[in-house]
Amino acid sequence: MSLIQDGLSTGRDRTALIEESILPTRASQRPIGTLGYAWIWVGIAVIIATYSLGATGIQGGFDLATVALTIGLANLTIGALMLATADIGTEHGLSFAVYLRAPFGIHGTHLPAVSRGIVAAMWFGIQTYLGALALNGIGEYFLGFSNWFLWYAVFAAVQVANTMLGIKSVERLASLAAPAIIAISVWMYFTLEGIAETKGLNIWTFRAEGQASLMVLFIANMSFWSTMAIDIPNLTRFVKTRTGSRSFVQRNRSIFLAQLVALPVTQAMIAGIGAVSFIATGNWNPVEVIQGDAQGIALLVLLILVVLAQWSTNNSANLIPAALTFINLAPRVVNYRMAVVIAGVVGTLCFPWQILDNLFVFLGYYGAFLSAIGGIMVADYYVIRRRRVNVPDLFDPYGQYRYYRGFNPAGLVAWVVAGAVAAWWSVYAFVIGFPLGFLLYLVLMKGLVLPRYRQAELAPHGSDEYLAASVGVDWVHLGGGRFTRSSCGSGSAGDREDL
């Protein structure tokens, strides 16, 4: 029985701010465990573009061990930052776009949220295109049939259908795909190492003549995941949470393995394979290298890796975030399944095969503006509100997040200014955009907004009234825009459309 059917939320309750799939998740509606969440992140980390990061380090004149260690540390750092924004999901069960109503306003949220949603849809298109090329290679070798666009359409439809089934389906795919991806990646490494040995190259002592900066390599790898660093609540709101614990570590313990182990280790491994590929052949893309000589089962295994990697990444890192931002844009008319389809269509209409020609320019500029959003979120959640969020007002058109006609000038100005400055120095985008967004938002909020807009005053810092999981309660929508806080596990849990 769904929330709509059990009377807690009815079709009449769909408003400009309310739709079932963007309501706060309760503790009983969070099915993903520690290992399941880690498998999701293994799948997310394995994308074709990651290979080029390792090759870039080798071209810069560094040895393989230094490149792998730098990339691992960069992803460990961004993983730690993800923990900060992840608590929005584990504590309150809120999605990224809905939480942005707090720092940006109930209407202002659409500008930063949709910018992230469109980027996620673009990445869906890019990943689907790469998967379609692999499927076309399988079809061409085994069937003598070649039509990459047909494979693109089929692959896109399968992924959209899989994601429409909800987060449980996404987790099941990840738990099957991730071990296979790891095994195939190990095989790729030894294959490439063998190619290097036949040429008399030692992959561990090889050094190119470049003179790049390790700091630039470090920051580039942090910027790579700036998107997930800000919208991680979209996933953590479905991760099992230890309720009734004020300890940040205890409350978020199910996500530590993924952010601090699965992400940095997998990213370093995949980037390392790209580095080895470049050392052995001069080509950073190991798929192209091995595909040139592979036949039969070896070719099939290789191309299956490509398909699984794109699929597992697209579900959780691209389709779900894009869908939730599109729902937030028009919850009165867009539901979860419709939003997933819209994300697929938008990703295709962006002509992802063209974006690939300028991928890293694309990454640098959008990463600049998204990193500023991350700084604003952390400042708002931890400094301004001390994790105490008036969740019912996030869904109230006349609540404290209305600010000036639905827009919070502090959030919007901080975002535009910090994002623009970071984009100007796009090589250092994340380390500029994040702290600058953080500082500008605090200055503008405390100096201009809070004294003027009295409805935006904070909950008392010592009050438990606006906490949720850490004090053992859920935010529950009763219908008609009314909310209550009830003990975790009490009441009808229901099956959400996006579970």
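Fair warning: this is a prediction, and the values are worked out from it, not measured in the lab.

Asks: Where do I start with the overall build of the protein chain in this structure?
Replies: Counting secondary structure elements, the protein chain contains 21 helices and two strands. For 499 residues, the compact-globule formula gives about 23 Å, and the C-alpha radius of gyration of the protein chain, at 23 Å, lands near that figure. Here the C-alpha coordinates of the protein chain stretch approximately 70 × 45 × 40 Å along the principal axes. Taking all 499 residues of the protein chain together, the buried fraction comes to 61%. Sequence-distant contacts in the protein chain: of pairs separated by 6 or more residues, those separated by 24 or more amount to 83%. When the accessible surface of the protein chain is totalled, it reaches about 18,200 Å², and 64% of it is carbon and sulfur. Here the protein chain carries 30 positive and 26 negative side-chain charges, and the mean point of each set is 11 Å from the other.

Asks: Can you help me understand helix H9 (residues 214-224) in this one?
Replies: Given 3.6 residues per helical turn, the α-helix brings residues three or four places apart onto the same face. Among the residues of H9, those classed as buried are Leu217, Ile219, Asn221, Met222, Ser223 and Phe224. Of the residues flanking the start of H9, the one acting as N-cap is Ser213, its side-chain oxygen 3.1 Å from the backbone nitrogen of Met215.

Asks: So what exactly am I meant to see when it comes to unusual backbone geometry here?
Replies: A negative phi angle is the norm for most residues apart from glycine, just as the trans form is the norm for most peptide bonds. If you check the backbone angles, Arg386 has positive phi at about 50 degrees while not being a glycine. Of note, Arg386 is situated in the loop between helix H18 (359-384) and helix H19 (391-394). A relative accessible area of 39% means that Arg386 is categorised as partly exposed.

Asks: Explanation requested: helix H6 (residues 110-143) in the structure shown.
Replies: With 34 residues, H6 extends 46 Å between its outermost C-alpha atoms, agreeing within 8% with the 50 Å of an ideal straight helix rising 1.5 Å per residue. Summarising burial for H6: 26 of the 34 residues are buried, a large majority. With its phi angle positive at about 70 degrees, Gly144 sits one or two positions after the end of H6.

Asks: Could you clarify how one ought to interpret the pattern of salt bridges in this entry?
Replies: For side chains of opposite charge, pairing can occur when their charged atoms come near one another. Considering all chains together, one arrives at eight salt bridges under this definition. Asp63 is the partner of Arg207 in a salt bridge, and the nearest nitrogen-oxygen pair spans 3.1 Å. Of this pair, Arg207 sits in the loop between helix H8 (167-198) and H9 while Asp63 sits in the loop between helix H2 (48-59) and helix H3 (64-92); the two residues are 144 residues apart in sequence, bridging distant segments of the chain. Under the relative-accessibility criterion, Asp63 is labelled buried at 15%. Linking Asp87 and Arg387 is a salt bridge whose minimum nitrogen-to-oxygen distance equals 3.6 Å. Of this pair, Asp87 sits in helix H3 while Arg387 sits in the loop between H18 and H19; the two residues are 300 residues apart in sequence, bridging distant segments of the chain. In terms of burial, Asp87 and Arg387 fall into one category: buried. Taken together, the shared-partner salt bridges in this structure form one network comprising Asp87, Glu91, Arg251 and Arg387.

Asks: Is there a simple way to think about the nonpolar core in this case?
Replies: The tendency in soluble globular proteins is for nonpolar side chains to be buried as a group. Core analysis: the biggest nonpolar cluster contains 154 residues, and Tyr37, Trp41, Met188, Trp225 and Met228 have the highest contact counts within it. Looking at which element gives the most residues to this core, the answer is helix H15 (residues 296-329), with 17 residues.

Asks: Can you walk me through the packing of H8 against helix H13 (residues 253-281) in this structure?
Replies: How two helices sit against one another is set out by the angle between their axes and by the gap between those axes. The geometry of H8 relative to H13 is characterised by a closest axis approach of 9 Å and an angle of 20 degrees between their N-to-C directions. In terms of axis orientation, H8 runs roughly parallel to H13. Handedness of the crossing formed by H8 with H13: left-handed. Along the contact surface, H8 presents Ser185, Met188, Tyr189, Leu192, Glu193, Ile195 and Ala196, while H13 presents Met269, Ile270, Ile273, Val276, Ser277, Ala280 and Thr281. Among the residues forming the contact of H8 with H13, the class breakdown is 10 nonpolar, three polar and one charged.

Asks: It is not clear to me how the side chain of Glu193 should be interpreted in this structure. Could you clarify?
Replies: Relative to the elements of secondary structure, Glu193 occurs in helix H8. The buried charged residue Glu193 lacks any salt bridge, with Lys199 as its nearest oppositely charged partner at 15 Å.

Asks: What exactly am I supposed to notice about the pairing of strand S2 (residues 482-487) here?
Replies: Looking along a regular strand, one sees the side chains alternate between the two faces of the sheet. Bridge analysis of strand S1 (residues 473-479) against S2 gives six bridges, and the strand direction is antiparallel. Following the sheet pairing, Trp475 is matched in S2 by Arg485. In this antiparallel pair of consecutive strands, S1 and S2, the connection spans two residues, and Gly480 shows a positive phi of 65 degrees.

Asks: Explain the packing of aromatic side chains to me, please; I cannot follow it from the model alone.
Replies: We describe a pair of aromatic rings using the distance from one ring centre to the other and the angle between the two ring planes. Applying the stated rule across the entire model yields 13 aromatic pairs. Note on Trp41 and Trp225: the rings are 6.0 Å apart at their centroids and 70 degrees apart in plane angle, and the pair reads as edge-to-face. Placement of the pair is Trp41 in helix H1 (residues 34-45) and Trp225 in the loop between H9 and helix H10 (226-231), with a sequence separation of 184 residues. Accessibility assignment for this pair places Trp41 and Trp225 in one class, buried. An angle of 75 degrees between the planes, with centres 4.8 Å apart, marks the rings of Tyr141 and Phe142 as edge-to-face. Taken together, Tyr129, Trp148, Phe149 and Tyr152 form an aromatic cluster joined through their ring pairs. A cation over a ring is seen here: Arg485 above Trp475, with NZ or CZ 5.7 Å from the ring centre.

Asks: How should the confidence of the model for the protein chain be read in this particular structure?
Replies: Any segment with low pLDDT has predicted coordinates that should not be analysed in fine detail. Averaged over all residues, the pLDDT of the protein chain equals 87, while 91% of them reach at least 70. Contacts from residues 1-11, a stretch scored under 50 in pLDDT, to residues over four places away or in other chains number 27 contacts. pLDDT under 50 marks residues 490-494. Its contacts with residues more than four places away, or in other chains, come to 11 contacts.

Asks: Even after reading the chapter, I still don't get the packing of H1 against H8, so can you show me in this structure?
Replies: In contact at an axis separation of 8 Å, H1 and H8 are set at 60 degrees when each is read in the N-to-C sense. Between H1 and H8, the angle falls in the class oblique. Helix-helix and strand crossings are classified by hand; for H1 and H8 the assignment is left-handed. Of the residues in H8, those in contact with Gly36, Trp39, Ile40, Val42 and Gly43 of H1 are Glu171, Ala174, Ser175, Ala178, Pro179, Ile181 and Ile182. Split into classes, the residues belonging to the contact of H1 with H8 amount to eight nonpolar, three polar and one charged.

Asks: How do you make sense of the environment of Gln291 when you look at a structure like this?
Replies: Here Gln291 is to be found in helix H14 (residues 286-293). For Gln291, a relative accessible area of 32% gives the class partly exposed. Spatially, the C-alpha atoms of Gln291 and Gly137 are 9.0 Å apart, while their sequence positions differ by 154 residues. What Gln291 contacts, discounting residues up to four positions off in sequence, is Gly137, Leu299, Leu302 and Leu303.

Calculation criteria
- Residues numbered from 1 in each chain as written.
- Predicted model: local features only at pLDDT ≥ 70, side-chain atom pairs only at ≥ 80, totals over all residues.
- Heavy atoms only, no water.
- Helix = DSSP H or I, 4+ residues; strand = E, 2+ residues; numbered from the N terminus.
- Rg over C-alpha atoms; globule rule 2.2 N^0.38 Å.
- Buried < 20%, exposed > 50% of the residue type's maximum accessible area, 1.4 Å probe, protein only.
- Contact = heavy atoms within 4.5 Å.
- Areas by Shrake-Rupley, 256 points an atom, 1.4 Å probe, with all protein chains shown as cover.
- Lys, Arg positive; Asp, Glu negative; His and termini not counted.
- Charge placed at Lys NZ, Arg CZ, Asp CG, Glu CD.
- Polar contact = N/O pair within 3.5 Å; in protein donor to acceptor, adjacent residues only side chain to side chain.
- Expected span 1.5 Å × (residues − 1).
- Salt bridge = Lys/Arg side-chain N within 4 Å of Asp/Glu carboxyl O.
- Core = buried A, V, L, I, M, F, W, Y, C linked by side-chain atoms within 4.5 Å.
- Axes fitted to C-alpha atoms, helices over the stretch in contact; angles between N-to-C directions.
- Parallel < 35°, antiparallel > 145°, perpendicular 65-115°, else oblique.
- Left-handed = near helix turned anticlockwise from the far one by under 90°.
- Nonpolar A, V, L, I, M, F, W, Y, C, P; charged D, E, K, R; others polar.
- Pairing = 2+ DSSP bridges.
- Phe/Tyr/Trp six-rings, centres within 6.5 Å; stacked < 30°, edge-to-face > 60°.
- Lys NZ or Arg CZ within 6 Å of the ring centre and 35° of its normal.
- pLDDT = per-residue confidence, 0-100.

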